[in-house]
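The residues making up each chain are set out below.
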Amino acid sequence: MSPRIRGLRTFRAWLQARPQAADALLALGLLLVGLPQMYLQDFPEDGDYGAFRSPDAVNGLIVVVVTMALVWRRRSPLPVLLVIVAGEMSLTVWGYPPSVPDVMAFLIAIYSLAAHRGLAQSALGGVAGFVSFLVSLVMLPVGTSPVVLVSDCALVAGVWVLGRNLRLRRAYFAELEDRAARLERARGTDARAARIEERSRIARELHDVVAHHVSVMTVQAGAARRIIDRDPGSAREAMSTIEEVGRTALSEMRRIVGVLRTERDAEQAGRELAPQPGLGDLGELLDHVRETGLSVQLWIEGEARTPSPGVDVAAFRLIQEALTNTLKHAGAQARAWVRLYYSDADLTVEIEDDGRGTSTIVADGTDNPGHGLVGMYERVALYGGELRIGPRVGGGFGVRARFPLEA
């Protein structure tokens, strides 16, 4: 880019940042062009121009005041128009001929009022300017043909319409920008809400994974410690179970935390991450629980149907959390039952045990609910289900949830 073009762009940017300075330069430009022409032009003495007074100092002073009023045309367009109309009427009454600066100043004032003020004020000022223009034409000491009269009036009206259209266009673009800003803010709010919801889901998933597997590992470690002297083989088997459960826990945690990666990393790692567990993995879950010494039985009633993916994961996690609580609180001799009831529209999941941890779980669920029970309620409610948690008749504890098969 040449220095000249760069300098012009810098000067234009400077003028855009200082509109009043730009208007002052406009007024000075009109005076530099119009005043020499006004004083140096020769008017014939015998024609229509002979009826006009020769330009003098008063004429020049009025033209300068009228033209320099344009400096405030954006800040106060209506007062500027009134000043210019008063100057024009003074020139007409005293018989001075119209000149380029005052005529252009009048048209620019009409345009500025329409472009920078509302409809009521611009219409009022436009009517006042139009009437004064007609009066000035009628009061001229020279004859005016109907064609010239109509064309001049059309010019004034066209300038007002041009300014009004420009104002409407600016308002339209301003509304578009404001709407885009509101949409951007709403998009940001939605994104934050989505992130919070995703974090809550990840927290529930992490809690379910960690609580279940750590409970299994704790039970196995305690059993290994008790039997390591008298039955080393069983202790080694328990240690192997701890190792396997630990690896499974790490794998599931890695899969869950994987959603926190960037989109590019997630796309690259998506093929490596295992799918979410569901009721199809229930047998493997029960096998892990049985390895801890807890007797678990499974019943499935009704025609098994495939629930929605969300319900599938939620039902699996509910069973996992309930069995984890049984491992923690039910005691060494407890037994547990898992029942799945399929109806036409619902899936009912029941997890019951006959252990001795009823009072502990109830206290946790009422006075100071832990993350596990809160996670159960949130997970079931998220898919429009119903959950009941409480002690069983005859001892033990029970969890019963109903999920709609369609999310």
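For clarity, every value in this text was computed on a predicted model and none was experimentally measured.

### Structural notes on the overall build of the protein chain
Item 1. Scanning the protein chain for helices and strands turns up 13 helices and five strands.
Item 2. Once local pairs closer than 6 in sequence are excluded, the contacts in the protein chain between residues at least 24 apart make up 71%.
Item 3. With the model as given, the accessible surface of the protein chain reaches about 23,400 Å², and the carbon-plus-sulfur share is 59%.

### Remarks on the packing of helix α3 (residues 57-68) against helix α5 (residues 100-116)
Item 1. Interhelical geometry of α3 versus α5 gives an angle of 30° and a closest axis separation of 9 Å. Classified by the angle their axes make, α3 and α5 are roughly parallel. In the packing of α3 onto α5, the handedness of the crossing is left-handed. Counting all contacts with α3, which are made through Val63, Val66 and Thr67, the residues of α5 involved are Pro101, Asp102 and Ala105.
Item 2. Classifying every residue of the contact of α3 with α5 gives four nonpolar, one polar and one charged.

### A few points about a negative patch on the surface
Item 1. A contiguous patch of negative charge on the surface is contributed by Glu237, Glu244, Asp281, Glu284 and Glu291.
Item 2. Listed by contribution, the elements that provide at least two residues to the negative patch are α8 (232-257) and α10 (282-291).
Item 3. By secondary structure assignment, the location of Glu284 is in helix α10.

### Quick word on α5
Item 1. Here α5 contains 17 residues, and its C-alpha end-to-end distance of 24 Å stays within 8% of the 24 Å for a straight helix at 1.5 Å per residue.
Item 2. Most of α5 is tucked away: 12 of the 17 residues are buried.

### Some details on the packing of aromatic side chains
Two aromatic rings, taken as a pair, are described by how far apart their centres are and by the angle between their planes.
Item 1. For the coordinates displayed, the defined rule picks out two aromatic pairs.
Item 2. Look at Phe106 and Phe133: their rings are 5.8 Å apart centre to centre, the planes differ by 10°, and that puts the pair in the stacked class. With Phe106 in helix α5 and Phe133 in helix α6 (residues 119-139), this residue pair connects regions lying 27 residues apart in the sequence.
Item 3. For Phe106, a relative accessible area of 4% puts it in the buried group.
Item 4. Among the residues examined, Phe133 registers a relative accessible area of 18% and is labelled buried.

### Observations concerning a nonpolar patch on the surface
Item 1. Together, Val58, Val93, Trp94, Val127, Val131, Val135 and Met139 make up an exposed nonpolar region whose accessible area comes to about 590 Å².
Item 2. It is α6 that contributes the most residues to the nonpolar patch, four residues altogether.
Item 3. With respect to the helices, strands and loops of the structure, Trp94 is situated in the loop between α4 (77-93) and α5.

### What about the sheet that holds strand β4 (residues 386-391)?
Item 1. Ordered by their spatial adjacency, five strands build an open sheet running β1-β2-β3-β5-β4, and the pairing between neighbours is mixed. Each edge of the open sheet carries a strand with a single partner, namely β1 (295-301) and β4. With direction set aside, neighbouring strand axes in the sheet form an average angle of 10°.
Item 2. Where β1 and strand β2 (residues 335-342) come together, seven bridges link them in parallel fashion. Its bridge partner being in β2, Val296 is matched across the sheet by Ala336.
Item 3. The strands touched by α10 are β1 and β2; relative to β1, the strand with the most contacts, the crossing angle is about 160°.

### Comments concerning the pairing of β2
Successive residues of a regular strand alternate their side chains across the two faces of the sheet.
Item 1. Across the eight residues that make up β2, a large majority, six, are buried.
Item 2. Bridge count for β2 against strand β3 (residues 346-353) is seven bridges, and the pairing is antiparallel. The residue of β3 that forms the bridge with Ala336 is Asp353.
Item 3. Where β2 hands over to β3, the hairpin turn is made up of three residues, counted between the paired strands.

### Here we look at the nonpolar core
Item 1. Counting residues in each nonpolar core, the largest one holds 36 residues, and the members touching the most others are Leu318, Ile319, Val349 and Phe403.
Item 2. For this core, the secondary-structure elements that each account for two or more residues are α10, α11 (309-329), β2, β3, α13 (371-382) and β5 (397-404).
Item 3. At nine residues, the largest contribution of residues to this core is made by α11.
Item 4. In this structure, Ile62, Val66, Leu137 and Val156 belong to the second largest nonpolar core, which totals 27 residues.

### A few points about the environment of Glu243
Item 1. Here Glu243 shows up in helix α8.
Item 2. A relative accessible area of 46% means that Glu243 is categorised as partly exposed.
Item 3. Between the C-alpha atom of Glu243 and that of Met217, which follows or precedes it by 26 residues, the distance is 8.3 Å.

What counts, and where the lines are drawn
Residues numbered from 1 in each chain as written. Predicted model: local features only at pLDDT ≥ 70, side-chain atom pairs only at ≥ 80, totals over all residues. Heavy atoms only, no water. Helix = DSSP H or I, 4+ residues; strand = E, 2+ residues; numbered from the N terminus. Contact = heavy atoms within 4.5 Å. Areas by Shrake-Rupley, 256 points an atom, 1.4 Å probe, with all protein chains shown as cover. Axes fitted to C-alpha atoms, helices over the stretch in contact; angles between N-to-C directions. Parallel < 35°, antiparallel > 145°, perpendicular 65-115°, else oblique. Left-handed = near helix turned anticlockwise from the far one by under 90°. Nonpolar A, V, L, I, M, F, W, Y, C, P; charged D, E, K, R; others polar. Patch = residues over 30% accessible without salt bridge, like charges linked within 9 Å, V, L, I, M, F, W, Y side chains within 5 Å. Salt bridge = Lys/Arg side-chain N within 4 Å of Asp/Glu carboxyl O. Lys, Arg positive; Asp, Glu negative; His and termini not counted. Charge placed at Lys NZ, Arg CZ, Asp CG, Glu CD. Expected span 1.5 Å × (residues − 1). Buried < 20%, exposed > 50% of the residue type's maximum accessible area, 1.4 Å probe, protein only. Phe/Tyr/Trp six-rings, centres within 6.5 Å; stacked < 30°, edge-to-face > 60°. Pairing = 2+ DSSP bridges. Core = buried A, V, L, I, M, F, W, Y, C linked by side-chain atoms within 4.5 Å.

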